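# Reading the structure
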Amino acid sequence: MERELPDGLSADRLPAHVAIIMDGNGRWAKKRVLNRVKGHEKGAGAVRTVVESCTKFGIPYLTLYAFSTENWQRPKKEVDALMGLLTRFLRNERKQLQKNGVRLTAIGELHRLPEEVRRELDLAMAETKDNTRLTLCLALSYGSRSELVEMVQRISGEVKVGHIEAADVDEKMVSQFLFTRDFPDPDLVIRTSGEMRLSNFLLWQCAYSEIFFTETLWPDFGESEFASILKDFQERERRFGKVLQP
Ligand code: FPP
């Protein structure tokens, strides 16, 4: 399928992996004197838009922070509503994802998710597993620190039984023991709603990512703003800690 790029965006130097911290659903709803859940529902629409934009622009990896390990501490009513929303999203979007060549994957403590979310997730992942246009990764019950702790436990277990020498542990091996082992590191991280922090999201993987903060609340995030962030990204000089040759 041909890619469709907005004016001013060049096909080379597009990020291979965009990761988004979707924040501000609650504030979006509060501003309209609505229940917070309405903000999440509207936020699901913005998810649809950004997934479509990635397929149009030819960005091969998109990771969305949809539910953090800390989010379990929200009121039960809100957690239940989010899980219900996720279930419906996965059920309703499966055909469209398949049609658009999107492979769905997920990272996080997936065993903590309610059974019906896991069931829809498994169905969507199985149906879309051979697609190659875009890999959409949902971070669900995800926390970077617990991912790192698990990595240390697993590597030290391998060292203990003699499968690995401690001296052989290097950055590549660490990456291979994370949920994200099959994905490139994010080139670009976007956080909406004006908050300027990473909130336990892909801390190892974002070591050299370009980070963009926007005041826009997630439900209002759309294709034109996404395109303008991508343009800005293309103008940034990424040095990875080195000095570029004159
Ligand atoms: C942060 O906003 C958002 C979340 C905790 C949930 C994100 C969920 C969605 C965007 C919708 C469903 C997702 C998919 C993949 C269909 P917040 O509630 O913390 O907002 P606030 O900071 O303004 O209160």
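Refer to the structure printed above.
A brief look at the structure comes next. Computed from a predicted model, the values in this text were never measured in an experiment. (Residues numbered from 1 in each chain as written. Predicted model: local features only at pLDDT ≥ 70, side-chain atom pairs only at ≥ 80, totals over all residues. Heavy atoms only, no water.)

## Some remarks on the pattern of salt bridges
Tallied over the entire structure, the rule returns 18 salt bridges. Here Arg48 and Glu93 are joined by a salt bridge, their closest N and O atoms 2.7 Å apart. Separated by 45 residues along the polypeptide, Arg48 in helix α2 (residues 36-57) and Glu93 in helix α3 (residues 76-99) bring together distant segments of the chain. Note on Arg48: relative accessible area 36%, which makes it partly exposed. Measuring nitrogen to oxygen at the nearest pair gives 3.9 Å for the salt bridge that ties Asp232 to Arg236. Overall, Asp232 belongs to the partly exposed group, its relative accessible area being 35%. Residue Arg236 is classed as partly exposed on the basis of its relative accessible area of 27%. Residues joined in a network through salt bridges with shared partners are Asp23, Arg27, Arg191, Glu195 and Arg197. (Salt bridge = Lys/Arg side-chain N within 4 Å of Asp/Glu carboxyl O. Helix = DSSP H or I, 4+ residues; strand = E, 2+ residues; numbered from the N terminus. Buried < 20%, exposed > 50% of the residue type's maximum accessible area, 1.4 Å probe, protein only.)

## A word on the environment of Gly108
Considering the arrangement of structural elements, one finds Gly108 in the loop between β3 (102-107) and α4 (115-128). Considered as a pair, Gly108 and Ala139 are 31 residues apart in the sequence and their alpha carbons are 5.8 Å apart.

## Overview of the site of the ligand
Around the ligand sit 18 residues in total, of which Asp23, Gly26, Arg27, Arg36 and Arg74 are the nearest. In this structure, an oxygen atom belonging to the ligand sits 3.4 Å away from a main-chain N or O atom of Gly24. Arg27 has a polar backbone atom sitting 2.7 Å from an oxygen atom of the ligand. Taken atom by atom, the bulk of the ligand overlaps the largest pocket. Sorting the residues of the shell around the ligand by element identifies α1 (25-31), α2 and α3 as the ones contributing at least two each. Ranked by the residues each element gives to the shell around the ligand, the list is headed by α3, at four residues. Partitioned by chemical class, the residues of the shell around the ligand number nine nonpolar, five polar and four charged. (Near = heavy atom within 4 Å. Polar contact = N/O pair within 3.5 Å; in protein donor to acceptor, adjacent residues only side chain to side chain. 1 Å grid on protein atoms, 1.4 Å probe; cavity = no way out; pocket = protein on both sides within 12 Å on 5 of 7 lines; lining within 4 Å. Sits in = over half its atoms within 2 Å of the grid points. Nonpolar A, V, L, I, M, F, W, Y, C, P; charged D, E, K, R; others polar.)

## Some words on the packing of α3 against α4
At their nearest, the axes of α3 and α4 sit 9 Å apart, and the two run at 15° to each other. On the basis of their axis angle, the class for α3 and α4 is roughly parallel. Between α3 and α4 lies a crossing of left-handed hand. Contact with α3, carried on its side by Met83, Leu86, Thr87, Leu90, Arg91, Arg94, Lys95, Leu97 and Gln98, involves Glu116, Val117, Glu120, Leu121, Leu123, Ala124, Glu127 and Thr128 of α4 and no other residues of that element. For the contact of α3 with α4, the residue count by class is eight nonpolar, three polar and six charged. (Axes fitted to C-alpha atoms, helices over the stretch in contact; angles between N-to-C directions. Parallel < 35°, antiparallel > 145°, perpendicular 65-115°, else oblique. Left-handed = near helix turned anticlockwise from the far one by under 90°. Contact = heavy atoms within 4.5 Å.)

## A closer look at a negative patch on the surface
On the surface, Glu165, Asp168, Asp170 and Glu171 cluster together into a patch of negative charge. Among the structural elements, Glu171 can be located in helix α6 (residues 171-176). (Patch = residues over 30% accessible without salt bridge, like charges linked within 9 Å, V, L, I, M, F, W, Y side chains within 5 Å. Areas by Shrake-Rupley, 256 points an atom, 1.4 Å probe, with all protein chains shown as cover. Lys, Arg positive; Asp, Glu negative; His and termini not counted. Charge placed at Lys NZ, Arg CZ, Asp CG, Glu CD.)

## A look at the packing of α2 against helix α7 (residues 223-235)
Where α2 contacts α7, the two axes come as close as 10 Å, and the packing angle between them is 50°. In terms of their interaxial angle, α2 and α7 are classed as oblique. Read as a crossing pair, α2 and α7 show a hand that is right-handed. Of α7, the residues touching α2 (which contributes Thr49, Val50, Ser53, Cys54, Lys56 and Phe57) are Glu223, Phe226, Ala227 and Leu230. Per-class residue counts for the contact of α2 with α7 are six nonpolar, two polar and two charged.

## With respect to the sheet that holds strand β2 (residues 61-68)
Strand order in the open sheet formed by six strands is β3-β4-β2-β1-β5-β6, with parallel pairing between adjacent strands. Single-partner strands in this sheet number two, and they are β3 and β6 (210-213). Averaged over all pairs of adjacent strands, the angle between their axes in this sheet comes to 20°, without regard to strand direction. Note that strand β1 (residues 17-21) and strand β5 (residues 188-191) share four bridges and pair parallel. The residue of β5 that forms the bridge with Ile21 is Arg191. Contacting β1, β2, β3 and β4 (134-142), α2 runs over the sheet at an angle of about 165° to β2. (Pairing = 2+ DSSP bridges.)

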